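Working through the structure, step by step
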Amino acid sequence: RPESAWLAFLPIALLFVAFRAYTNQRDQRSRIESLYELTFELHGSPLLEDAARVAAEGIRRLFEASAVHIFLVPEQGHLYALRTSATADQPTDVMTPVSLPPSGRWPEILKQSMLLPKLGPNDLPIPGMSTPTHAMTVPLVSGDNHAGVIIVADPLSAVSGFNARDLRMADTIASRLMVSLENGRLEDSLAELTRLKERLEALIRSKDQFLASVSHELRTP
């Protein structure tokens, strides 16, 4: 019957829907595994430089992005940052001092997570890098402290750009990274205290040696 011809396409449509569901579940499972591995690597990176490098490289692999830039802002209110960049074709650049431009959307992306599907050349100028076409930005926040931002630029496989699910996962990674950065600052502070303690002990030994030498000279001029 000609009016029932559409039934011939029903198995094809069902197979297509089932394949899409299978691939989405597979991708989701793969990303959860990658997120766990990245969290484990961050936990084993107590130093700031190591944590930033591991995070940039892991995020780029997780989202299959052409580049990931992590900007750490040491002081709020200043357009000065330390940039760590992981790209597909260049070695990872770790903790490079840069000046953030006051123009574009920089003040906005330092405060809230955003999907930026269509960027113009002046919307998000990245110092020393080409401006992405699609980007996802997630701020690094600890309490009221805005410590920086993660920028995931230009997915390699998805033509349509990033989506809301990607943004939620990036927020999760940002919170893990912030914990590692806080631990890294604590590690650096403890190391600095150890260095100061060693210097103090050296000064005390030097003072004791000086007093002993003076006492000896006074007793036996």
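Below you will find a few notes about this structure. (Residues numbered from 1 in each chain as written. Predicted model: local features only at pLDDT ≥ 70, side-chain atom pairs only at ≥ 80, totals over all residues. Heavy atoms only, no water.)

1. Quick notes on the overall build of the protein chain
How we decide: We count a stretch as a helix when DSSP gives it H or I for four or more residues in a row; a strand needs E for two or more, and each element gets its number in order from the N terminus. Type-normalised accessible area, obtained with a 1.4 Å probe on protein chains alone, sets the label of each residue: buried when under 20%, exposed when over 50%, and partly exposed for intermediate values. Only the protein chains shown count as covering a residue, and every accessible area follows the Shrake-Rupley method with a 1.4 Å probe.
Helices and strands together make up the secondary structure of the protein chain, namely four helices and six strands. Listed N to C, the secondary structure of the protein chain is α-α-β-β-β-α-β-β-β-α in terms of helices and strands. Of all 221 residues assigned to the protein chain, the portion counted as buried reaches 33%. Carbon and sulfur atoms make up 58% of the accessible area of the protein chain, which totals about 13800 Å².

2. A few points about the pattern of salt bridges
Where charged atoms of side chains with opposite charge meet at close range, the side chains can pair. Here is the rule: Take a side-chain nitrogen of Lys or Arg and a carboxyl oxygen of Asp or Glu: if they are within 4 Å of each other, that pair is a salt bridge.
Summed over all chains, the structure comprises two salt bridges. Here arginine 53 ties to glutamate 57 by a salt bridge, and the two come within 3.6 Å at their closest N and O atoms. Placement of the pair is arginine 53 and glutamate 57 together in helix H2 (residues 48–63), with a separation of four residues, close to one helical turn. According to the relative accessible area criterion, arginine 53 is partly exposed, its value standing at 31%.

3. Considerations on the nonpolar core
What counts is decided by this rule: Here, the term nonpolar core denotes a set of buried Ala, Val, Leu, Ile, Met, Phe, Trp, Tyr and Cys residues that are joined through side-chain atoms within 4.5 Å. In this analysis, two residues are considered to be in contact whenever any of their non-hydrogen atoms come within 4.5 Å of each other.
Core analysis: the biggest nonpolar cluster contains 32 residues, and Phe63, Ile70, Leu140, Ile150 and Val152 have the highest contact counts within it. Of all elements in the fold, only helix H1 (10–43), H2, strand S1 (65–72), strand S5 (135–142), strand S6 (145–155) and helix H4 (164–219) reach the threshold of two or more residues within this core. With nine residues, H2 is the largest single contributor of residues to this core. Beyond its immediate chain neighbours, meaning those up to four positions away, isoleucine 150 contacts Ile59, Val68, His69, Ile70, Met136, Thr137, Val138, Leu140, Ala174 and Leu177.

4. Here's the deal with the side chain of threonine 84
Operational definition: Residues adjacent in sequence count toward polar contacts only when both atoms are side-chain atoms; beyond that, a polar contact is any pair of N or O atoms within 3.5 Å, and within protein one must be able to donate a hydrogen and the other to accept it.
Of note, threonine 84 is situated in strand S2 (residues 80–87). For threonine 84, a relative accessible area of 0% gives the class buried. Polar contacts involving the side chain of threonine 84 include one to the main-chain amide nitrogen of methionine 95, which spans 3.2 Å. In contact with threonine 84, other than residues within four places in its own chain, are Ala52, Arg53, Ala56, Val68, His69, Ile70, Thr92, Asp93, Val94 and Met95.

5. Focus on the packing of aromatic side chains
The test is simple: In this analysis, rings of Phe, Tyr and Trp, with Trp reduced to its six-membered ring, are considered paired at centre separations within 6.5 Å, and the interplanar angle assigns stacked below 30 degrees, edge-to-face beyond 60, and tilted for intermediate values.
Under the criterion given, the structure shown has one aromatic pair. With centroids separated by 6.4 Å and ring planes inclined at 90°, the aromatic side chains of phenylalanine 63 and phenylalanine 162 adopt a geometry described as edge-to-face. Taken as a pair, phenylalanine 63 in helix H2 and phenylalanine 162 in the loop between S6 and H4 lie far apart in primary sequence, 99 residues in all.

6. Focus on unusual backbone geometry
Trans peptide bonds make up most of the peptide bonds, and negative phi angles are found at most residues other than glycine. Phi angles above zero are rare outside glycine, and methionine 95 is one such case at about 55°. Topologically, methionine 95 is positioned in strand S3 (residues 93–99). The buried category is assigned to methionine 95, whose relative accessible area is 16%.

7. Observations concerning the sheet that holds S1
Here is the rule: The rule for pairing is simple: two strands pair if DSSP sees at least two bridges between them. Comment: axis = line fitted to C-alpha atoms, over the contacting stretch for helices; angle = value between 0 and 180 degrees taken between N-to-C directions.
As summarised here, the arrangement of the six strands in space is S3-S2-S1-S6-S5-S4, forming an open sheet in which the pairing is antiparallel. The sheet is open, and its two edges are formed by S3 and strand S4 (114–116), each paired on a single side. Each adjacent strand pair in this sheet contributes to an overall mean axis angle of 25°, direction not counted. Bridging between S1 and S6 involves seven bridges; their strand directions are antiparallel. Residue leucine 72 lies in a different strand from S6, and its bridge partner there is glycine 148. Set on the sheet, H2 makes contact with S1, S2, S3, S5 and S6; between it and S1 the angle comes to about 150°.

8. What about the pairing of S5?
Counting buried positions along S5 yields six of eight residues, so the element is predominantly enclosed. As paired strands, S4 and S5 are joined by three bridges and run antiparallel to one another. Directly across from leucine 116, in S5, lies its bridge partner alanine 135. Both S5 and S6 contribute to a ladder of eight bridges, which runs antiparallel. The residue of S6 that forms the bridge with alanine 135 is alanine 153.

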